There are 2 protein chains.
Amino acid sequence: MSSLHSFCHSFLSFFLSFHFLLLYFTMHRLLSTVNGWKMKMMKKGESDARSVPIQIQPKQYCLYQFLLDRLHIRRILPFGFPTICPVRIRKSYVAGVDMAKKIPFFVAEAYSSSLLKALESRNASRNKCRFVADPTVPDKYAAKNEDYLRSGLSRGHMAPAGAQKTMSEMQDSFNLTTNILPQDFDCNAFLWRRLEHWTKEISVNHQGVYVISGPIFRPQEGTNCVEYQVIGKGRVAVPTHLFKVILTKDKKSWYSRAKYSMAAYVVPNAPIVISTPLNEIEVSIDSLEEQTGMYFHPKLDRSRVVMHLQDQEPAAMDPQHIEWASKDIQYARSLWFLKMLEERYQRQGLMKDGTVQMAMKQQKKKLNWNARKKVVSYFLPTSVKDAIYVCGSIAACVAGGWYYGN
Amino acid sequence: MSSLHSFCHSFLSFFLSFHFLLLYFTMHRLLSTVNGWKMKMMKKGESDARSVPIQIQPKQYCLYQFLLDRLHIRRILPFGFPTICPVRIRKSYVAGVDMAKKIPFFVAEAYSSSLLKALESRNASRNKCRFVADPTVPDKYAAKNEDYLRSGLSRGHMAPAGAQKTMSEMQDSFNLTTNILPQDFDCNAFLWRRLEHWTKEISVNHQGVYVISGPIFRPQEGTNCVEYQVIGKGRVAVPTHLFKVILTKDKKSWYSRAKYSMAAYVVPNAPIVISTPLNEIEVSIDSLEEQTGMYFHPKLDRSRVVMHLQDQEPAAMDPQHIEWASKDIQYARSLWFLKMLEERYQRQGLMKDGTVQMAMKQQKKKLNWNARKKVVSYFLPTSVKDAIYVCGSIAACVAGGWYYGN
């Protein structure tokens, strides 16, 4: 009995150890094969410096090396890597937070024709939303609404507030730390808005449009010095430029793979004319990556990508801009603001248009009339106002009594 | 037979589906339990704002939510997150690369008494190493040696070159992109060096010393403007300050858990006197984290940590500094450089010491003698030099012949 027992024991232990070995070798084999593929892919794109996948370890990366690295990291950083760019996942965008500058590193969104259809029947309104600091980011890393007040800069959305379906999603886009950065008023209202609108428009013709936006801190032209402002008590950094990287995926047919196109746009964070053609603000992905220090879409094989968007918007004045301008004029609530708007549109060359001129005239008339009414009510003595009020009420009572009496 | 077959089939399918369900619920249960622990731990440290673990999702994070998030990210960023801070794992340090500024975000190292013992018997020399760009970082993100030349700034090691055991490890520490940033000569040679030396020294009394170093870009005092230089063609950023976060782990005894202490030091990237007491450059972890935008040691429970290092170095002049100064003087190869050194030591208050004065005198004498020799050999006509050489050789031949003849 004892011999049988020992035999069973030895057999079992042998069996188990054999299986563990088998498992190890299989895993090892599998990983090396995958690595081989990766290396082949890397070699394929070697002539193109941009296609080096920098997240992958450059040498043959086997299971043994992987485990060794984990141990090594545990020895040097027993409590994990310092958090530098925490990622926040929201319904309509994904953002990486730059906790030193208190603005996003990048904000990514995706458009599709189905999303656009859903947006048409949405019931969210931006008037009911308010700017809040991100509650999931500790206080010392988050921008506050007070930092932006009286800075002379607008709170520029990276993922536009018009791309959210429900009210809670809309509130997400008003999140100061993860979606908003200090942006020049004119830049925000004109060229950047046009770029956002155009991105939405082209998504009708594509299977998917993937947009990444964010800030750039670039040295002044001709100097060896980077200089940027910080605003408020929280010292929120004001970027010198803003970027947008647009990746489009074409509808694939039964005889070919999906085609990708990619383009990058850089807009200075300063007043810039709305009718600037998009070709002028387009830059190469390479130079943008050098400026931002990011590598966009790392798993994309760039040898398959066309490095230019085919459907560039025409440079001429768009009827959309006229519509926006007229709407903004109608929302003006004071003559001072209207005058500022007029100056701004003069600079943008929008005042030449008849519709804008008309809207401006009407709004001016309306506001002037309101102002006159205010002046009259201010100078009328209180006793006269009271008398009118009392007479009116008495007349109403009398009229009512007469009506019921009949 | 057929009925038996169908019975078996239904039984098996039921059995399998039941097991899958069981597996799912077990996983779910397990994850929620772990999350419960995490939440409890979070609640424990809630009074301390610093102990919010910002990498953990704030809400109850179940398997379902996790899978949903993965799907969501796949929809918005189908080719992965933009690479912002790639990590490089080297034998003696772990570094995060800031690809926009072409310097490290942070460099982490760990010291222990066993490492110090190993360092005593090492055979690596820094003279044989040369500065290279990181080959695993694409060209456009990497600093070159030429960027540093003629900039008036030194190549400051974050993980010091004296903490490597073998030659290949030593070469790692000369890696421009992952371990080096532009540092002021005086800062690098005096206070920063003293800080590095002190870190190594205290590791004798502790079970482990974990050091994280890196750059800070801070607005000028009293202004709302961040301004920093960029050097070379590659536009390598020059930080305004440097930081060092030191975490020590005390030897644990049989009756208590291991004790941790933590402290942060900030040194301006400018000439600073070597005898500055460490208390003066110590800052709170909180304020450092706000400046750098990093959260250090995220998995560490900070309610267990003493926020001050007990063994601060005395402020008085250390014999070590005298030794360094004398060595540097002996390595001087020109009178011009010696004069620069003298001025520098005057500023640091090191010239009052007798040993340094002695070394300076000797080196001056030696260099003067060398200079005189050079002058003599310069003005001696070539024919005379040749004659001396020929006479010498003939005399040697004659002497040799005479010796062998005897």
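An unreviewed UniProt entry annotates chain A as Nuclease EXOG of Stygiella incarcerata. The record held by UniProt for chain A lists under Sequence similarities (unreviewed entry) the comment "Belongs to the DNA/RNA non-specific endonuclease family."

## What to know about the UniProt feature "active site" (unreviewed entry) in chain A
All names here are of chain A. Those residues carrying the UniProt feature "active site" (unreviewed entry) are His 157 in this numbering. You can see His 157 is positioned in strand S4 (residues 154-157). Once residues lying within four places of it in the same chain are set aside, the contact partners of His 157 are Arg 126, Phe 131, Ser 173, Phe 174, Asn 179, Ile 180, Trp 192 and Glu 196. A polar contact of 3.3 Å, which involves the side chain of His 157, links it to the backbone oxygen of Ser 173.

## Digging into the packing of aromatic side chains
Each aromatic ring pair is summarised here by two numbers: the centre-to-centre distance and the angle between the ring planes. Taken as a whole and judged by the stated rule, the model has 16 aromatic pairs over all chains. Geometry around Tyr295(A) places Arg302(A) over its ring, the cationic atom sitting 4.6 Å from the centre.

## Let's talk about the layout of surface pockets
Residue and element names in this part refer to chain A. Estimates place the volume of the second largest pocket at around 1900 Å³. Surrounding the second largest pocket, 46 residues form its lining, Arg 126, Ala 189, Arg 193, Asp 328 and Tyr 331 being those nearest its centre. Elements represented by at least two residues in the lining of the second largest pocket include exactly S4, helix H7 (185-189), helix H8 (191-202), helix H11 (319-331) and helix H12 (335-348). Broken down by element, the lining of the second largest pocket gets its largest block of residues, 7 residues, from H12. Shared between two domains, the lining of the second largest pocket takes at least three residues from each, and those domains are domain 2 (87-316) and domain 3 (322-406).

## Digging into the UniProt feature "binding site: Mg(2+)" (unreviewed entry) in chain A
Within this structure's numbering, the places UniProt gives as "binding site: Mg(2+)" (unreviewed entry) are Asn188(A). By the secondary structure assignment, Asn188(A) is in helix H7.

## Some points on H12(A)
Residue and element names in this part refer to chain A. Under the 1.5 Å per step criterion, the end-to-end length of H12 is 20 Å for 14 residues, consistent within 8% with the ideal 20 Å. Considered for burial, the residues of H12 that qualify are Leu 338, Leu 341, Arg 344, Tyr 345 and Gln 348. All buried residues of H12 fall inside an arc of 125° around its axis, so they share one side. Among the exposed residues of H12, those oriented more than 90 degrees off its buried face are Trp 336, Lys 339, Gln 346 and Arg 347.

## Describing the relation of the copies chain B and chain A
For the match of chain B to chain A, the screw axis carries a shift of 0.1 Å, the RMSD comes to 0.4 Å, and the turn is 180°. What the superposition gives is, in effect, a two-fold axis relating one chain to the other. Closest approach to the rotation axis within chain B is made by the C-alpha atom of Glu227(B), at a distance of 2.2 Å. Mapped onto chain A, 100% of the interface residues of chain B again fall at the interface, so both copies present the same surface.

## A closer look at the pairing of strand S5 (residues 180-183) of chain B
All names here are of chain B. Of the two faces of S5, the one carrying Ile 180 and Pro 182 and the one carrying Leu 181 and Gln 183 are both buried. In the sheet, strand S4 (residues 154-157) pairs with S5 via 4 bridges, with the strands oriented antiparallel. Each bridged residue has a counterpart across the sheet, and for Ser 154 the counterpart in S5 is Gln 183.

## Some details on the interface of chain B and chain A
Facing 66 residues of chain B, the contacting portion of chain A comprises 67 residues. Both sides of the chain B and chain A interface together cover about 6200 Å² of buried area, and 65% of this is carbon and sulfur. For the pair chain B and chain A, the number of links is 6 salt bridges. Here Glu289(B) makes a salt bridge to Lys140(A), at a shortest N to O gap of 2.5 Å. At the boundary of chain B with chain A, the tally comes to 20 residue pairs in polar contact (both at pLDDT 80 or more). At 6 residues, strand S7 (residues 225-231) of chain B tops the list of elements feeding residues into the side of chain B that touches chain A.

Reading the values: rules and limits
Per chain, the residues get numbers from 1 upward, laid out in the order the sequence is written. For this description, chains carry letters from A and ligands carry numbers from 1, given in the order in which they are written. The predicted origin of the model limits local features to residues at a pLDDT of at least 70 and limits the giving and counting of side-chain atom pairs to 80 or more, whereas totals for whole chains, interfaces and linings rest on all residues. In computing side-chain values, all of the structure's heavy atoms are included and hydrogens and water are not. UniProt positions are given in the numbering used here, feature names are shortened, and annotations may be inferred rather than shown by experiment. Strands here are runs of E lasting at least two residues and helices are runs of H or I lasting at least four, both read from the DSSP assignment and numbered beginning at the N terminus. Contacts are assigned to residue pairs that have any heavy atoms within 4.5 Å of one another. N or O atoms within 3.5 Å of each other form a polar contact, as long as, within protein, one can give a hydrogen and the other can take it, and as long as residues adjacent in sequence are counted only when both atoms are side-chain atoms. Pairs were defined over the aromatic rings of Phe, Tyr and Trp, the Trp ring being its six-membered one, requiring ring centres within 6.5 Å. Orientation was assigned from the angle between planes: stacked under 30 degrees, edge-to-face over 60, tilted for the rest. Here, over-ring charges are defined by two tests on the NZ atom of lysine or the CZ atom of arginine: distance to the ring centre within 6 Å, and angle to the ring normal within 35 degrees. Within this scheme a cavity is a closed region of a 1 Å grid, computed over the protein atoms alone, that accommodates a 1.4 Å probe without allowing it to escape, whereas a pocket is open but has protein on both sides within 12 Å along at least five of seven lines; lining residues each have an atom within 4 Å of a point. Grid points are joined across faces, edges and corners, and a volume is the space filled by probe spheres set on the points. Start and end points for every domain follow an automatic or database-based domain assignment. A helix is expected to span 1.5 Å multiplied by its residue count minus one. In this scheme, a residue with accessible area under 20% of its type's maximum is buried, one over 50% is exposed, and one in between is partly exposed, where area comes from a 1.4 Å probe on protein chains only. Read the arc as the range of directions from the helix axis to the C-beta atoms. C-alpha atoms of residues with pLDDT of at least 70 in both copies form the basis for the least-squares superposition of the copies. Pairing between two strands is assigned when DSSP locates at least 2 bridges connecting them. Defined here as a combined quantity, buried area equals the accessible surface (1.4 Å probe) lost by two parts on assembly, summed across both. By definition here, a salt bridge exists when the distance from a side-chain nitrogen of Lys or Arg to a carboxyl oxygen of Asp or Glu is within 4 Å.

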